[in-house]
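Architecture and fold: a report
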Amino acid sequence: MIKKIFRNHLIQNLLGWLISSYIKICYQTSTWYIKNDDTVIKMLKSKKNFIVCFWHNRLLMAPLCWQYHENKFKMLISGHADGRIISNAVSHFGIETISGSSNKKKISSAKEILIEIKKKSIIGITPDGPNGPKEKIKPGLISLIKKTDIPIIPLSYSAKFKINLSSWDNFIFPPPFNKFVAVWGKPIFFNKKKNSKNNLETIERELKRVSLLSDNLSQ
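Residues numbered from 1 in each chain as written. Predicted model: local features only at pLDDT ≥ 70, side-chain atom pairs only at ≥ 80, totals over all residues. Heavy atoms only, no water.

1. Details of the overall build of the chain
- Helix and strand counts for the chain come out as 8 helices and 9 strands.
- The C-alpha atoms of the chain give 17 Å as radius of gyration, which agrees with the globular expectation for 219 residues (17 Å, within 12%).
- By principal-axis analysis of the C-alpha atoms, the chain measures approximately 50 × 40 × 35 Å.
- The buried share among the 219 residues of the chain stands at 48%.
- For the chain, the proportion of contacts with a sequence separation of at least 24, taken over those separated by at least 6, is 74%.
- In the structure as shown, the chain presents an accessible area of about 11,500 Å², 57% of it carried by carbon and sulfur atoms. (Helix = DSSP H or I, 4+ residues; strand = E, 2+ residues; numbered from the N terminus. Rg over C-alpha atoms; globule rule 2.2 N^0.38 Å. Buried < 20%, exposed > 50% of the residue type's maximum accessible area, 1.4 Å probe, protein only. Contact = heavy atoms within 4.5 Å. Areas by Shrake-Rupley, 256 points an atom, 1.4 Å probe, with all protein chains shown as cover.)

Written out as structure tokens, the structure reads:
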């Protein structure tokens, strides 16, 4: 019954609006800091595109980490009911979405992503979503950056006050009147001297580093 309700487009639109309103309230009542975005700004000024990666449990406030609205930013979101709710929510921040499907090994909708990359769009991906395992990148991401020769830039945010939900990824749910810190990582290109597994581990390490740093800086 609940799943049927969530499939209703009116309910999805309402929930998306409520989520976006909550995100805005959190932003407007809190202090917000963005760290280490010099490389991002430099690449955008040079008209170079890239893929932004952040863990699924840091998804809620991710739209506000993107402060460069003159540049087209699209997020890969699951095509399921919960994904459509998220798509509706991020649309209130001028972010378009690419609809994907759940797959434990592949980055779905790779063809559409490649088309958007050719258009110089910036793509946002949660490489462990939508179903995990937690903080483990799908190998399909490596194939994607190998084909496109554009970098991954890891991103994370954290909050001084937050609740970790009992979901598969321990989703971070921050309240308003908070302190938020977003941290950008170092650009990572596919290294042809390393195999796919080593390239994947490099991205995972950097994502975990910026996540830990955002946790520490937000305290």
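2. Some details on the nonpolar core
- In this structure, F50, V52, M61, W66, M75, Y157 and W184 are the most contacted members of the largest nonpolar core, which totals 33 residues.
- Contributions of two or more residues to this core are made by α2 (9–28), α3 (38–45), α4 (62–65), β3 (73–78), β6 (152–159) and β9 (179–184).
- If you tally residues by element for this core, the top one is β6, at 4 residues.
- Those residues in contact with W66 that lie beyond four places of it in its chain are L44, F50, V52, N71, F73, I122 and W184. (Core = buried A, V, L, I, M, F, W, Y, C linked by side-chain atoms within 4.5 Å.)

3. Some words on the environment of G79
- Structurally, the position occupied by G79 is in the loop between β3 and α5 (81–91).
- A relative accessible area of 22% means that G79 is categorised as partly exposed.
- If we ignore the near neighbours within four places in the chain, the residues touching G79 are R84, S99 and G100.

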